[in-house]
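Observations on the three-dimensional arrangement
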Amino acid sequence: MLHTIKKIGVFTSGGDSPGMNAGIRSVVRACAFHNIECIGIYRGYQGMIEGDFKSMDARSVKGIINKGGTILKSARSKEFRTAEGRKKAYEQLKKAEIDAFVVIGGDGSFTGAMIFSEEYNIPVMGIPGTIDNDIYGTTHTLGYDTALNTVVDSIDKIRDTASSHNRLFFVEVMGRDAGHIALNVGVGAGAEEILIPEEDLGLDRLLESLRRSKQSGKSSSIVVVAEGDKIGKNVFELKDYVEEHMTEYEVRVSVLGHMQRGGAPSCFDRVLASRMGVKAVESLITGKTNCMVGLKNDVMTLTPLDQAVKGKSKINLELLRVSDIMSI
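Everything in this summary refers to the structure shown in the same document. Computed from a predicted structure; not experimentally measured.

Moving on, we get to a positive patch on the surface. Taken together, the side chains of R76, K78, R81 and R176 make up a positively charged region of the molecular surface. By the secondary structure assignment, K78 is in the loop between β3 (53–56) and α3 (83–95). With relative accessibility at 72%, the residue K78 sits in the exposed group.

Tallying each qualifying case throughout the model produces 15 salt bridges. Two residues, R43 and D52, come together in a salt bridge whose shortest N-O distance is 3.1 Å. Owing to a relative accessible area of 25%, R43 belongs among the partly exposed residues under this scheme. As a salt-bridge pair, E91 and K87 come within 2.8 Å of each other at their nearest N and O atoms. A residue pair is termed a helical-turn pair when its members lie 3 or 4 positions apart in one helix, as E91 and K87 do in helix α3 at four residues.

Strands sit in the order β7-β8-β6-β9 across an open sheet of four strands; the sheet is parallel. Each edge of the open sheet carries a strand with a single partner, namely β7 (193–195) and β9 (250–255). When the angles between neighbouring strand axes are averaged without regard to direction, this sheet yields 20°. Across six bridges, strand β6 (residues 167–173) lies against β9 in parallel orientation. Of the residues in β9, the one forming a bridge with V171 is S254.

In this section: the sheet that holds strand β2 (residues 37–41). The seven strands are arranged β3-β2-β1-β4-β5-β10-β11 in an open sheet whose pairing can be described as mixed. The open sheet terminates on both sides in strands that have one partner only, identified here as β3 and β11 (299–304). If you compare each strand with its neighbour and ignore which way they point, the axes differ by 30° on average.

What follows covers the layout of surface pockets. Reported here for the largest pocket is a volume of approximately 860 Å³. If you list the elements that add at least two residues to the lining of the largest pocket, you get α4 (107–120) and β6. With six residues, α4 is the single largest residue contributor to the lining of the largest pocket. Of the residues that constitute the lining of the largest pocket, the class distribution is eight nonpolar, 16 polar and 12 charged. Computed from the structure, the second largest pocket encloses a volume of approximately 360 Å³. In terms of lining, the second largest pocket is formed by 19 residues, of which the most central are T138, T139, H180, S313 and K314.

For an α-helix, the turn length of 3.6 residues means that residues three or four places apart are oriented alike. Of the residues making up helix α8 (residues 235–245), those classed as buried are V235, L238, K239 and V242. Looking straight down α8, one finds its buried side chains confined to an arc of 100°; they lie on one side. Of the surrounding elements, those touching the buried residues of α8 are β6, β7, α7 (203–215), β8 (221–226) and β9.

Quick look at the packing of α7 against α8 now. For the pair α7 and α8, interaxial distance at closest approach is 11 Å and the crossing angle is 55°. Classified by the angle between their axes, α7 and α8 sit oblique to one another. Between α7 and α8 the crossing geometry is right-handed. Contacts between α7 and α8 pair L203, D204, L206, L207, L210 and R211 from the former with L238, Y241, V242 and H245 from the latter. Among the residues forming the contact of α7 with α8, the class breakdown is seven nonpolar, one polar and two charged.

Thresholds, definitions, all that
Residues numbered from 1 in each chain as written. Predicted model: local features only at pLDDT ≥ 70, side-chain atom pairs only at ≥ 80, totals over all residues. Heavy atoms only, no water. Patch = residues over 30% accessible without salt bridge, like charges linked within 9 Å, V, L, I, M, F, W, Y side chains within 5 Å. Areas by Shrake-Rupley, 256 points an atom, 1.4 Å probe, with all protein chains shown as cover. Salt bridge = Lys/Arg side-chain N within 4 Å of Asp/Glu carboxyl O. Lys, Arg positive; Asp, Glu negative; His and termini not counted. Charge placed at Lys NZ, Arg CZ, Asp CG, Glu CD. Helix = DSSP H or I, 4+ residues; strand = E, 2+ residues; numbered from the N terminus. Buried < 20%, exposed > 50% of the residue type's maximum accessible area, 1.4 Å probe, protein only. Pairing = 2+ DSSP bridges. Axes fitted to C-alpha atoms, helices over the stretch in contact; angles between N-to-C directions. 1 Å grid on protein atoms, 1.4 Å probe; cavity = no way out; pocket = protein on both sides within 12 Å on 5 of 7 lines; lining within 4 Å. Points joined across faces, edges and corners; volume = space filled by probe spheres on them. Nonpolar A, V, L, I, M, F, W, Y, C, P; charged D, E, K, R; others polar. Arc of directions from axis to C-beta. Contact = heavy atoms within 4.5 Å. Parallel < 35°, antiparallel > 145°, perpendicular 65-115°, else oblique. Left-handed = near helix turned anticlockwise from the far one by under 90°.

Interpretation in functional terms is not warranted from these geometric data alone.
Next up, the structure:
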C-alpha cells in the first residue's frame, strides 16, 4: 500500500563527495516517475532553517550526473544542533508542505535526521555520501570508488618521481577514523607499506619493513598513510623519524588532501547513486522511515539510522594479509 507522501525534500550535508549530484538526480527523477513533487533544499540543515528551497523536476537535474561536488551545496549548521534551530527548520518544512526528506551525507548528517524525525515525526531516508567509506550498513558509500581511482592515479605519478630519484615517499590520504582508502589504494598502487588507524604497525616494524625492502633491491618506496594512523602525531614526524634512522633514504611527503573529494564520479558511483536514490524514494512511499539505503552483496538494503550511526564499518582483513604478501 502506498504512503500518502506528496512532496519530498532532498539535500546534501557534511563533506561533499563525487556521486552526490548523481544521487540528487536520482531522487528528483524517482519522485517525477511516481508523480511526487520534489524540493531541493540548499546548504543542508542551514538552508532548511532559512527556507532556502527550490522546486525541482526531471529537467532540473539534466547534465549533472557527471559532475563532482553538489549543486545543492553543503554546509555545517551549529543552529540545527539546538532545539530552537530544529523548530525553525520544521516550521519551514511545514510551510512548504514537505512531507518527508532524503539526506545525502555521513554519520553527522544522519544523526541530525534521526533526532529531527523523532522530534517532529517526519519520515526521513539517508543515502551515505562520504569518500571515507566509514558508515555501517553498506559496502560502498557514494564517492568512495571515485576517491580510490583519484588517489591511485596520483600515487602512480608520484612513483615516477620516487623511482627517478631513489626516494621514499609518504603519501597521506583521507581517513581519520577508517583506513579503507589507504588499504585499497595501497594494494592497488603497489605501496611497500600501508599505515591505517585500525592496525598500529609501530615505528620499529615500519623501519624493519623499509630495511627489508631496501635489502631486497628496491631503490624507492611508497608508504601510504591514512590521516588517522596512530604511529606518529603526523606524517611529517614519521618522515623525520625515518630520515634519522635510515640516512640512506631521501624522504618526501605528499599530502593529497581535498583533491580526493573532487572530480567526476566513476561509473560505479553514478550507478550506485542512481540505485540508492530510487530505493530511498520508493522506501518513503511505502511507509519506511529512519533508515539508510545501502549496498550489500550487490543488493539495495535498508539499515536503521541508529545502527548506521553507531555501527562500525570493518576493515577487510583478507586485503590486509594480501598487502603484506604483495609488499615482499
